[in-house]
Amino acid sequence: MNEINSINSDNHLLDEVVSLEHQVEDLFELSGLGAYRVSEDGTCLSINSQALKWIGCSRESIIGRKSPASPIANTNWQILKNSQPPNSNEDSEEHIFGLIDKGGQQRFFHFLNAFPPSEQHSSHERSIIFDLSEYRQQAERQRISSIVFESKMGICVADSNGLIIEANAAFSKITGYSAHELRGKSFDFSVLLPGNTALKSKVQKSLANKGEWEGEIREHRKDGSSFTAWVNISAVPMKHDSQSYYVLCVYDITANKTSQEEIHNLAYFDSLTQLPNRRKLNETLSNILSTTPRPDSHGAALFIDLNKFKSLNDTRGHRVGDMLLIEVGHRLQNTVRAVDTVARVGGDEFVVLLEDLSEDMPKATHEANKIGTKILKALARPFKLGEIQFTCGASIGINIFGYDDLVHDVIQHADMAMYEAKKNGRNSLCFYNPEMKASATAHANLEQELGLALELEQLAVFFQPQLNSKDEIYSAEVLLRWKHATRGILKPNEFISVAEESGLIVPIGFWVIKEACKQIRQWTTDPLFSKIKLAVNVSARQFQDPGFVKKIFQIVQTSGINGSMLILELTESMMHDINQVREKMEKIRELGILFSLDDFGTGYSSLSSLIQLPINQLKIDQMFVKNMVANSGDAIVVKTIIAMAKSLGINVIAEGLETQQARSLLHEMGCSLYQGYLFSQALPTQDFENFVKHRN
Ligand code: C2E
Ligand code: MG
Ligand code: MG
């Protein structure tokens, strides 16, 4: 009986154990943990569905077996069994292992012991595995967040009331407040937009409507210095929290802004005088014209050109020239009101804009005249440029404009008036009138036509004989003529200035030299003409052309003439840099070419500069020749020139000779060559040849 009782109680105990075992297994089934049991020989006794999922096999394929059939599951099963810690007291990182899922990705697990060590190896021994992936991902996320927080971008997080919870080092650097100081402060009131109420309400509106605001701010750091930043504020709702947080990303763009401003200044301001440049002037003028409050009122543009600036620059160097320009800028600014614009629009050209003059045109003109005169006076006072005292003066063109005028016209008309002022003499001012426009238009048309004249073969050279005291034709001056399509034959005074201003004189001048060489070449075989030299005029602009010497060599050498048959007529106006001029002349002289100094007496050449240059001939200007009979003063000048030239071994030719009387006088004074209407005007080739045949 006792035995039976004992058997019954054993069975009862076993039932209880089994039931407990089931309960434990159910518990593990619900726990989300992986659990399994293995017998000593490695046979799987039980396994829950979570572990099956991680291993990747079905219950049937493993229960009662040492390994499942599928290769992945088998690998995982082996990893699992081998990962079991030898001593379950240890609970270290070493018990982390990875299983492979269907996609080939590793997933990490940790081994846990379900029972205390005292029960080790009991029949209840159960291995438990725990999925670490989620924790790992979270840790990674935290690591990444902290890296983001370390970035150069200022970041700060504020609670739903806008009170700062945390700020990174970059945010502290940008705002000047430490993280400690920032915590608890309102981000918009204290740090980012303390004084900017308008922007603040805009930000708040945008956050309320869109949950975001982005824009540029210019604020002050704690120390009062200013910074410019690009700010993005986002309201971030929390998953488990009904309230939002604010994340502020602040990027310091102060440096970019500064360089942007520098670029702007370079583009809109003259770097020497710091005055607005032409572009800025146009912009300002355009604003004035489009936003004036009174449509009937007037404004004035004063175009100012300095006199003698070029000669100062050439003789004293650019440094002194720059000093003058800066000083002129100051004087102009001090002469006009602060609201008026003073701009530098070119080398020595300035423009002053006067706004809001009278609606009454005569009154407006009077006002502008007053200021123009004041400027003239200011610029006529001597300038102290280092050691040098310099007086330059200016020419001013004034254009009174209405507010419906075009920007381009306003400045251009003032410029035209300035040219007129220049013609009137130094230190004068001139108002624009519409006739100037007509003459400027004609000028522009002429320039355009002249540009085509060479191509259309409308240019021709005429020859004016130059005779010696024996009335023999010694040489001839080559003079340019333009056979204009509608206006007939034009003389140089009608187009040479246009050619010079436009630069067309350079190609035209070389063409004349080529024509002269061609003519010399043609005459070489004819004894009647072979001794006649040809004198060609060279303009300053052409002589200063860097390729001048090379081009002369090329023309003379390809034409095959004897260089001594060619005379180049230079003028005193090109004698600025005497050393450079001499250098060029010396080189050209290697070809045998002779030099004549044209219009002598009208410039200011000093005797010393003449001695330095290889000049063969002085050409007394026709003004002296014309006046010398009636005016004893002129006669004395001519006499002195001839005597001086003789002592220097230089020939003298008198041009513009119209009377026999003058010729006799010149002959007495020792002049040996003559040119003028007394003998002949400039003639076309055929007529000139006839003249020579008849004469010689
Ligand atoms: P220039 O070199 O002083 O030439 C003399 C000018 O005086 C010529 O005028 C000539 O026709 C004129 N003339 C000559 N004898 C008399 C006279 O007895 N009485 C008067 N009233 N005038 C006389 P043109 O041909 O009209 O040339 C004018 C200026 O044009 C020249 O002055 C010269 O500076 C320039 N020029 C002419 N051809 C050329 C050229 O091929 N190249 C350059 N760069 N300039 C040229
Ligand atoms: Mg000449
Ligand atoms: Mg002359």
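No experiment lies behind these values; they were computed from the predicted model shown.

Rules used in this analysis
- Residues numbered from 1 in each chain as written.
- Chains lettered and ligands numbered in written order.
- Predicted model: local features only at pLDDT ≥ 70, side-chain atom pairs only at ≥ 80, totals over all residues.
- Heavy atoms only, no water.
- Helix = DSSP H or I, 4+ residues; strand = E, 2+ residues; numbered from the N terminus.
- Buried < 20%, exposed > 50% of the residue type's maximum accessible area, 1.4 Å probe, protein only.
- Contact = heavy atoms within 4.5 Å.
- Donors = N, O, S within 2.8 Å, 3.2 Å for Na, K, Ca; no water.
- Phe/Tyr/Trp six-rings, centres within 6.5 Å; stacked < 30°, edge-to-face > 60°.
- pLDDT = per-residue confidence, 0-100.
- Pairing = 2+ DSSP bridges.
- Axes fitted to C-alpha atoms, helices over the stretch in contact; angles between N-to-C directions.
- Salt bridge = Lys/Arg side-chain N within 4 Å of Asp/Glu carboxyl O.

Participant: Would you take a moment to explain the environment of Val538 for this structure?
Facilitator: In this fold, Val538 is placed in the loop between β21 (533–537) and α18 (540–543). Among the residues examined, Val538 registers a relative accessible area of 4% and is labelled buried. Between the C-alpha atoms of Val538 and Ile513, which are 25 residues apart in sequence, the distance is 8.9 Å. Setting aside its immediate chain neighbours within four residues, Val538 contacts Phe543, Phe548, Leu568, Glu569, Leu570 and Met574.

Participant: Mind showing me how you'd approach the coordination of the magnesium ion (ligand 2) here?
Facilitator: For a metal with four tetrahedral donors the ideal donor-metal-donor angle is 109.5 degrees, while six octahedral donors give ideal angles of 90 or 180 degrees. Binding of the magnesium ion (ligand 2) to the protein goes through Glu477 (OE), Asn537 (OD1), Glu569 (OE) and Asp598 (OD), at separations of 2.0 to 2.2 Å. Between the two metals, the magnesium ion (ligand 2) and the magnesium ion (ligand 3), the spacing is 3.9 Å, and Asp598 donates to both. Highlighted residues: Glu569 in strand β22 (residues 566–571) and Asp598 in strand β23 (residues 594–600), separated in sequence by 29 residues. As far as the burial class goes, Glu569 and Asp598 line up, both buried.

Participant: Any chance you could explain the packing of aromatic side chains here in plain terms?
Facilitator: As enumerated under the stated definition, the model contains 12 aromatic pairs in all. Seen from their ring centres, Trp54 and Phe109 are 4.7 Å apart, and the 50° between their planes marks the pair as tilted. Here Trp54 is found in helix α2 (residues 49–55), whereas its partner Phe109 is found in strand β4 (residues 106–113), with 55 residues between them in sequence. Comparing Trp54 with Phe109 shows no difference in burial state: the two are buried. Both rings, one in Trp523 and one in Phe529, keep their centres 5.2 Å apart while their planes meet at 20°; by these two values the pair is stacked. Looking at Trp523, the relative accessible area reads 3%, which means it is buried.

Participant: How should I be thinking about the confidence of the model for the chain in this particular structure?
Facilitator: Low-confidence regions, as indicated by low pLDDT, have predicted coordinates that should not be scrutinised in detail. Summarising the model, the chain shows a mean pLDDT of 87, and 93% of its residues fall at 70 or more. Here residues 116–121 is modelled with pLDDT under 50, and outside its nearest four sequence neighbours on either side it reaches two contacts, counting other chains as well.

Participant: Where do I start with the sheet that holds strand β6 (residues 154–158) in this structure?
Facilitator: Backbone hydrogen bonds are what pair the strands of a sheet, in a parallel or an antiparallel way. One open sheet accounts for five strands, arranged β7-β6-β10-β9-β8; its pairing is antiparallel. Strand pairing shows two members of the sheet lacking a second neighbour, β7 (164–167) and β8 (212–220), which therefore form its edges. Averaged over all pairs of adjacent strands, the angle between strand axes in this sheet comes to 25°, irrespective of strand direction. Here β6 runs beside β7; their pairing, made up of three bridges, is antiparallel. The partner of Val157 across the bridge, within β7, is Glu166. Docked against the sheet, helix α9 (residues 254–268) engages β8, β9 (226–237) and β10 (244–252), running at close to 135° with respect to β9.

Participant: Help me understand the pattern of salt bridges, please; the structure alone is not making it clear to me.
Facilitator: Once the charged atoms of two side chains with opposite charge are near each other, the side chains can pair. All chains considered together, the criterion is met by 18 salt bridges. Across the salt bridge formed by Asp305 and Lys422, the nearest N and O atoms sit 2.5 Å from each other. One end of the pair, Asp305, is in strand β11 (residues 298–306); the other, Lys422, is in helix α14 (residues 407–424), with 117 residues separating them in the sequence. Residue class for Asp305 comes out buried when judged on its relative accessible area of 6%. Looking at Lys422, the relative accessible area reads 34%, which means it is partly exposed. In this structure, Glu515 and Lys518 form a salt bridge, with 3.2 Å as the shortest nitrogen-oxygen distance. With a gap of three residues between them, Glu515 and Lys518 both fall in helix α17 (residues 505–523), about one helical turn apart. Salt bridges sharing common partners tie together Glu477, Glu569, Lys619 and Glu655.

Participant: Is there a simple way to think about the sheet that holds strand β17 (residues 429–431) in this case?
Facilitator: Strand order across the open sheet formed by five strands is β12-β13-β11-β16-β17, with mixed pairing between neighbours. What marks the edges here is a single partner per strand, and that holds for β12 (341–346) and β17. Averaged over all adjacent pairs, the angle separating strand axes in this sheet is 20°, with direction ignored. Bridging between β11 and strand β13 (residues 349–357) involves seven bridges; their strand directions are antiparallel. When the bridges of β13 are listed, Ile304 appears paired with Phe350.

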